[in-house]
Every structure is written in C-alpha cells, then in structure tokens.
Amino acid sequence: MSEPVVHITNLHLRYHHKTVLQDLNWTINRGENWLLRGSSGSGKTSVAKAIAGLVKFEGDIDINFDLHSSLAPVAHYVANWYQFKDLEGQSNFYYQQRYNKQAEETTATVRAELENYGKNYHLDFAEAERLVTALGFSDLIDSTLIQLSSGEHKKLQLVEALWFRPQLLMMDQPYNGLDKLSRQHLNSLLEEISAAGTQLVLISNDKDLPSCINRFAEIKGGQLHETDAGHTAHFQEEENRPVPEFLSEGPISLADSIVKMNNVNISYGDKQVLKNINWEVKAGEKWLLQGHNGSGKSTLLSLITGDHPQAYANDFSLFGHRRGSGESIWDIKKRMGLISPELQWYFDPSATVKQSIISGFFDSSGLFRQPNYTQQMQANELIGYFGLKEYQDTLMNQLPLGKQRLAFLARTIIKNPELLILDEPCQGLDQHQAQHFNELVDELCSNGTTLIYVGHFESQLPACIEKRILLENGEVKSVETILESI
Amino acid sequence: MSNYFNTLPLREKLNQLGVCDFMDSSEFLDGVDALKGKKLVIVGCGAQGLNQGLNLRDSGLNIAYALRKEAIEGKRDSWKNATENNFPVGTYEELIPEADLVINLTPDKQHTAVVNAVMPFMKQGSTLLYSHGFNIVEEGLQVRKDITVIMVAPKSPGSEVRAEYVRGFGVPTLIAVHPENDPEGKGLVQAKAYCVGTGGHKAGVLKSSFVAEVKSDLMGEQTILCGLLQTGSILSFDKMVEKGIDAGYASKLVQYGVEVITEALKHGGITAMMDRLSNVAKIKAFEVSEELKTIMRPLFQKHQDDIMSGEFSRIMMEDWAAGDKNLLAWRAATGETAFEKTPAGDVKIGEQEYFDNALLMVAFIRAGVELAFETMVEAGIKPESAYYESLHETPLIANTIARKKLFEMNRVISDTAEYGCYLFDHACKPLLADFMTKVETDLIGKNFNEGKDGAVDNSALISVNEVIRSHEVETIGAELRKAMTAMKSIKTV
C-alpha cells in the first residue's frame, strides 16, 4: 500500500489562548474522502488550516503528494466565506457598500477575477466557464464582485476551488448560503473531481453529501473520532429559561401594515433584479422568504431595512409611512431587528459580546455611545436568557459560530422591535443549534412580533411560520399560506 | 476680489483665528429639524458630493443635484453618480431658484466660477454652504448680503463619510458661519442640522471660523500631512538604497511603515507611537526628532507666515492662472522618484519591525506633528484646531501612501494641498542634506536594537517620557480622542 496522503501525529493547537486540539491523530489514505463533523468551536476549521499550513501548531503533519499526478501538489483550504479585494488589493468594504452605485467600479468583474485567478495558477479558462455554467452562475459573469449576494460569492469561491484541482481539497462549510439545486450541482461536481483524483475533506454538518464521501469523523474534546455515515453527534440539552420580563409584552404596532410594496422595481443598468413586486406584510404575520441564489431576496430585504438607495424611487410603505416622506433610515431601523450574513461580516471586530448586544439599541454595527442603566440591565437579562454569561466580555468574532448567532439574536431583540428580519440565521449551524435557535425565535415572536425569515432548508425553520413568498428571477413566483405543510 | 483676511483689523484677525470650541452632544438634540422639508441642492457630485448626499437623504432630507449643462448632456461621471442613485438632477437654472440651501462641493479651483454662476439664481434669504473656506478667505469672494454663508467640513474622504454613517457612527466635522454673511442669525442652527444629516455629530464637532479653518488647514496639509510625509519617505528610501539595503524591502518599509507607525498615533498620540519603541530606541528617536525640530522650525514658520500674509495663496493663484505650470511639473517629477518607481518587495515585514527598523520615520513624524502644532498655536490658532490639522489627519493621509505611494496621496488630496506639499518638499530636502549624511542603517533599514543590551539610564528615560507626554498636542489630543474612540481602524497590512 502506498504511503498515506496526510499523516498527523499528536497535533496540538491553541486558538486565542484556549486549547482547541490536543493529541489529535489522523491518517488520510489514498482514495479516501472525509467528512468532518463536530459542534461549533470544536476545532474542525483548525485541523484543516493546520494541514494547509495556515496556522501555527505543535506536533507532526506529514503530507505526501503524488509526484506523478497532473493535479497540483497542494493541500488547498477553502474558507467558509469568500473574502474579495478591490482593485487596489484591499478588502476594506463597508456594510451595504454593494448598493452604492459609485462603489461598483472599485472591484473587478467576476470574469476579470477568474481570468486573473486562472493566470496565476495557469488554468484553462474554458474549464472555468464550464463550472460557472454548471453552478448556474453564468448570468453574473460580467457583474462586479461587490454586487454579488452571499450565495453568489460562495459560488464564485467554489468555481475557483474546483477549477484549481489540488490533490487535497478541504472545504469549510461549502454549502453555506446555497439553495437546494446549487447544492446538488456542487455535489456532482465534487464527485467528478474526486473521480479524477482530487481527495476531499468536507467540513459540514449537512446531510446531503456527494456519494464519494467514504470516511466520517467527528472532532470532540480536541480529538478526532471516526464515526459511521449516519452518526449524529450527541449534544448537551440546553436549559430552558424564562423569557425576560421586558420582552413578554408585545411591541406596540401603530400600523396594521408593516411592509406594503406596490410594483416595486430595481435595476442596475440593464439588469433588472426586482420586477413588479407586490407584497404586503401585516402586523403580527410570520413570513418565510425563499428563492434561489440571485433571485432577489437580499435586495428585497435591503429595501425594507432602509439600506438600498433605490428605495427612494419606488412606491412602498414601511410601518404605514410612504418611504422617502421625510423619515430617516434610523427612524426605520429603530423599529426592526436584523440578522444577516452581511451585517455580521461588517460588524465592528473590536466589540465584545455585551457591547454588541447593547448596540442593538442604537442600530449601529458596534457600540459607539454610552448605554444608560436600564439598557445595561436589559442586556444583562438577555445575556442570562441566552446562556452567554461566561462569554459576555469575549470579542464577538472569537465566539464559536453557534454562540455568535445567539448573541446576534439577542442584539436584534433587545429593543423589542415590531419587525424581526432574520436572513439565513442558521447558516453554518449544526442541526441541534439550528433547532435551539428556532425554538427561541418561536418563543420570542409569540408576543405578536412580525417576522420575515429567510432560509434555504425546509428542515431548519421556526414552527411559527405561517406564510411563504417565493421569488424567482426577481419576480414573485408564489405567495401561500403554509400552516399545514411544515 | 482681495484677500478677506488681509482686510481685517488685527483685533478681528486674532478674534476669527481663535475660534474653536468642541461642541457638546446636547447641541444637536434638534436633529435635522432646521432643514426638514427644505430644498437642499448640491452642486457637484464627486466623492464628497455623492456620499454626503446619500447620508443627508437617508436622514430624511430632500436632496437634488445641480450640474452644469455640459455634465448632464455629456452624461459625465457626476451625472451618472447622481442619477444612478435616483437623485433628481437639473441645471443651475432649473434647481437653484428653488433651493433653500445650496451646497458647493466642487473643487477649490472652481469655487469662484461656480459661486458666481449660481448666485444670481439663488433666492432671497437662502443659504450657501462650503466645505472649505479658501474661496471666501483667500480669494475674498463677496456673497450677496441676504445670503447666509456657512461651512460644514467632514474631516475624512467621501467614502469614509458614507461608510461611518451606515455603521451608525460618523466622522469628526468642523462647522463655521461667515460673520459677514449671517443676516438672519440662522447660520449656526442650519450648520448643526446639516452636520446631524451627515452623521458628523456622533463623532465630535468643532465650531470654528472660516478664517481659522483655512489658515490651519493650509498649514497642516503643507507641512506635516503631505509635505513632511513626502520628504521623509523619499529621504528614508534613498538612504536605505544608498547603504545597500534591498530596494524592494526599503520600498515596502516606507510605503506601509508610515501607515503602521501613524496607526499608533491615532490611538494614543505621540506617546503611543514612541512607546512602540524599546527604551533605548525611544531615547534615540527622541534625540533625533529634537534635532530635526531645530533644523526644520524656520521652514515651518516660513510656511505659516506666508499662509497668514496671503503670499502662499497669491503665488498659487498665479500658478492657476498659468495653467498649473508648476503644479504639473512637480507632479511629474514626483512620479519619477526612485521611491515611487520601486515596487514594494515581496517580503514579510512584521508589525513591530515597522517601528524597530524605521526609527528615523518615527522621529520625522514626531518632529513634524509637534512643529506643525506648535507653529499654528504660536500664530494664534486654537490648540483644538491645530490638533485636528496635524496629528488627527496624519494617519488618514498615511493611509493613502500605503495604498499607492506618493502618487496616490497627491491624487487624493486637493490641488491646493498638493501645491503646498511640493513647495515644502523642495525647501525641506536641501535643509536636511547635512543631517542625512550622518544617518546610518541603524536608524533606517535595520533594527536599532540589534547588538544593544537594552539598558538605559532611569533618569534619562523619565525625562524623555515627561517631555513627550506633557506636550500640549498630547493633553488636548487625549481629550478630543475620547470623543471619537470608535473611529474605524484603517488597515492594509
């Protein structure tokens, strides 16, 4: 038998002064494709980064590439989100910059980015075009990077990784933000490159996997444990705590109609991203917003959150007031709570968990002013309710993903808003975490809060959802009541 | 037109130079009310014009853009910026007569032409807003007596003004009312409301005067902000190459070093910057910077004198009249310097290495910031103004050098700043020639601490620390920074 591709002995790794991996041993043999599972913060990402040589570690990692293979002798790690740069090589972007028309020209087009990538790694551009088509991405090839939604960025990142064809490809949360169809396409592409010799390590808690995955493991207690395919990790039950008093009263809605859109249209140049949208969300309703990647969901939400400059050219009302009739975006944001992948990316990295939660009172992406006594007390109550006490002084971005999402939910509801907008809040969470998160959403919304929830996967939804709007290519495909179907 | 400042009696000159109050946040409780329902028309739609307009509209105000007919017909960038963001756009004739507030956000050089074109259309009792007072103070433009003239100047590039606003914060801003044009006494109220509209009130607002803003702004940009950064960068690079340090390394050390070093300034002033050095290195940097201060002080004073007397503006406006002959020649020469033409090498330089291996740059920055501050304060400018125009802006300008070296810095700053920068640079280099012959690679290019055991004399260290920490730029800075602690850190490394 040939020597193993990767052989790890006694791997030790610390992350922000905490031991994450301890005495971890792992062998990846030729022909093996692994799935790595584990709860949030267990160290899945750290193992992959250590193999790719991206983090410091102690212990031994031997990598043996096949020198006769035509595939690149590289252990390539693909991060869980795509970080792009502007034409000056910086990635100093700000929240909602993608809707600023002037900002477009500061980033390359998808085509230019791919051409550049191909040139750096000496790849054939025809293959990139094939992958772009296979992932249903060809319409966007001339868009600029900053215009893309989170799902679309993911696809671009996947195209680059698949195109590169390293001998070992390690993908962290490759399904994040992808719709069902795109997930299927990704799986067939992974099967294809695996058949051609690339070995895979997927980090994911998802169930629909490429058929070539033949080994399974879970990271637990800093070590790697091999499991069988159907294994689901065992989780500690969360304690049930009572909802803080100040949230038990329903928010006072002065308007019956929270959102009302009449023939809303949004275009960028010749490209129309929203077409004749008519939609009304009444006070207290719980909506699910769905659609493929690029169907217009994030643009639609950005209108509601006051972040899209084209809001001023359309006929729609928020909380009973016509948009652009003298209100400020801060008047609007005051009445809603938001979680979205974008908000999280652009959030102040120097804010602690407690500061981040309090910032919800001011709708700022970080805490820039002194909270008063009541605000601090309410933050403390919420921190207790969400079980975040031991993390309250930790930096937000050092928290494991699952806890981070709970802290963002706390930030969102701290002012008891009339409208809650949760854009893929369970992205990257494991099933258990998603379930816990959604149970909290159900509990918090039972006081009459209006909800707009975006989620790709039918299994991970709060039970309170009662209506669904489906977008397709920027148009409303269907609106339905789905009380029974969930 | 004649220089407005020079028409004032001495008493009034000092009076207007000495205006600078840090405003309490309670001054902004009325929000944008004073401008609510009014028609705001912005002239010009470049980076400041567009981004301020986006913020003002998102604050619930009514915004339109007035552009020249040729810009509209030619569908130029300004027209695209405005229409693609769904703003109403029209010619001066169409929009100005309706406007309650006309906001002039065109480049300095065009101010006279723009204001003369716009003024006949402005309605009785309306307001004209500037974001820089050069036109009023140096060119002495007279505005119709019924019109209120105010200034609101966000102290950051346009994109930053937008980025901070959407984060729920803002950028530090300076506001002023022109005493010759405040017929109804509404200038300050409107300036405050505008400031709330752009988000500036959350980050700290200084009440200044047109005169103080212009005289301090010119001084800061010519000396420490642009002039000295240019001189220091070029001299440091040339010295390293002369002494055999790899040119790619030298280029990178300077290009990114200015940013990394001044990042420390932003957080904790000169004290924090000097504290990043070891004790031995700090004492050496202190001595070098004291020497630099002695050599350069007369040049800083000359710049301040020429700014106060109007001599600087006079020669610059002569150059405008000559089709920017000198400016263009100097710009081209900067593009040809070895520093500009040597790309940053593909070497890793750790954050601390930017301090340890560039002690000379640290000394240049301390000397420049303190000299600019001291010279301004001696000339009658308030310490608060002097702080903003020296220490506060240094990291912002250093950031442009990190992006694309001196070319980028000179592209981003105004033509006025660029002109002053070259003037300073050309006078400063010969002045430092002798000094530079003594500089070895321990000051620039190699780690100063190498081969030293780090021992220092207690009393020497204490007295150096004392001098650094008790400087007025440090005491006033600590106070002002408290109000803007949340400023986003600028990072490219």
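Not measured: the values here are computed from a predicted model.

### Some words on the UniProt feature "binding site: Mg(2+) 1" (unreviewed entry) in chain B
Residues and elements named next belong to chain B. Under the UniProt annotation, the feature "binding site: Mg(2+) 1" (unreviewed entry) is placed at D217 and E221. As for its position among the elements, D217 is in helix α10 (residues 210-242). When the 26 C-beta atoms within 10 Å are taken as the criterion, D217 is described as buried. Here D217 is in contact with H132 and E389, once residues within four sequence places are set aside. In contact with E221, other than residues within four places in its own chain, are C226, I413, A417, G420 and C421.

### A few points about the domain arrangement of chain B
Residue and element names in this part refer to chain B. Taken as a whole, chain B is organised into domain 1 (21-207) and domain 2 (212-482). When each unit is reduced to the centre of its C-alpha atoms, the spacing between domain 1 and domain 2 is 32 Å. Secondary structure elements with two or more residues in the side of domain 1 that touches domain 2: α7 (134-137), β7 (148-154) and β8 (173-177). Its residues placed into classes, the side of domain 1 that touches domain 2 shows 11 nonpolar, 4 polar and 4 charged.

### Some thoughts on helix α19 (residues 394-412) of chain B
One turn of the α-helix equals 3.6 residues, which is why residues spaced by three or four share an orientation. Its 19 residues place the ends of α19(B) only 14 Å apart at the C-alpha level, less than the 27 Å of an ideal helix rising 1.5 Å per residue. The largest bend in α19(B) comes to about 130°, at K404(B).

### Regarding the packing of helix α17 (residues 359-378) of chain B against helix α18 (residues 383-392) of chain B
To describe two helices that pack against each other, one gives the angle between their axes and the distance between the axes. Residue and element names in this part refer to chain B. Remark: α17 packs on α18, axes separated minimally by 9 Å, with the N-to-C direction vectors making an angle of 150°. It follows from the interaxial angle that α17 and α18 lie roughly antiparallel. For the pair α17 and α18, the crossing hand works out as right-handed. Residues V369, A372, F373, M376 and V377 of α17 lie in contact with α18, whose contacting residues are P383, A386, Y387, E389, S390 and L391.

### Observations regarding the sheet that holds strand β8 (residues 215-220) of chain A
Strands in a sheet are paired, the pairing made by backbone hydrogen bonds, and the direction either parallel or antiparallel. Residue and element names in this part refer to chain A. Strands sit in the order β5-β6-β7-β3-β8-β9 across an open sheet of 6 strands; the sheet is mixed. At either margin of the open sheet sits one strand with a lone partner, and together these are β5 (72-78) and β9 (223-227). In this sheet, neighbouring strand axes are inclined to one another by 20° on average, regardless of whether the strands run parallel or antiparallel. As judged from the 3 bridges shared by strand β3 (residues 34-37) and strand β7 (residues 199-203), these two strands associate in the parallel manner. When the sheet's bridge partners are listed, W34 is paired in β7 with V201. Against the sheet, helix α4 (residues 150-164) contacts β5 and β6 (166-172), and its axis sits at roughly 160° relative to β5.

Scoring rules and cut-offs
- Residues numbered from 1 in each chain as written.
- Chains lettered and ligands numbered in written order.
- Predicted model: local features only at pLDDT ≥ 70, side-chain atom pairs only at ≥ 80, totals over all residues.
- UniProt positions renumbered as here; feature names shortened; annotations may be inferred.
- Helix = DSSP H or I, 4+ residues; strand = E, 2+ residues; numbered from the N terminus.
- Buried ≥ 20, exposed ≤ 12 C-beta atoms within 10 Å, placed from the backbone.
- Contact = placed C-beta atoms within 7 Å.
- Domains from an automatic or database assignment.
- Nonpolar A, V, L, I, M, F, W, Y, C, P; charged D, E, K, R; others polar.
- Expected span 1.5 Å × (residues − 1).
- Bend = angle between axes of the 7 residues up to and from the residue.
- Axes fitted to C-alpha atoms, helices over the stretch in contact; angles between N-to-C directions.
- Parallel < 35°, antiparallel > 145°, perpendicular 65-115°, else oblique.
- Left-handed = near helix turned anticlockwise from the far one by under 90°.
- Pairing = 2+ DSSP bridges.

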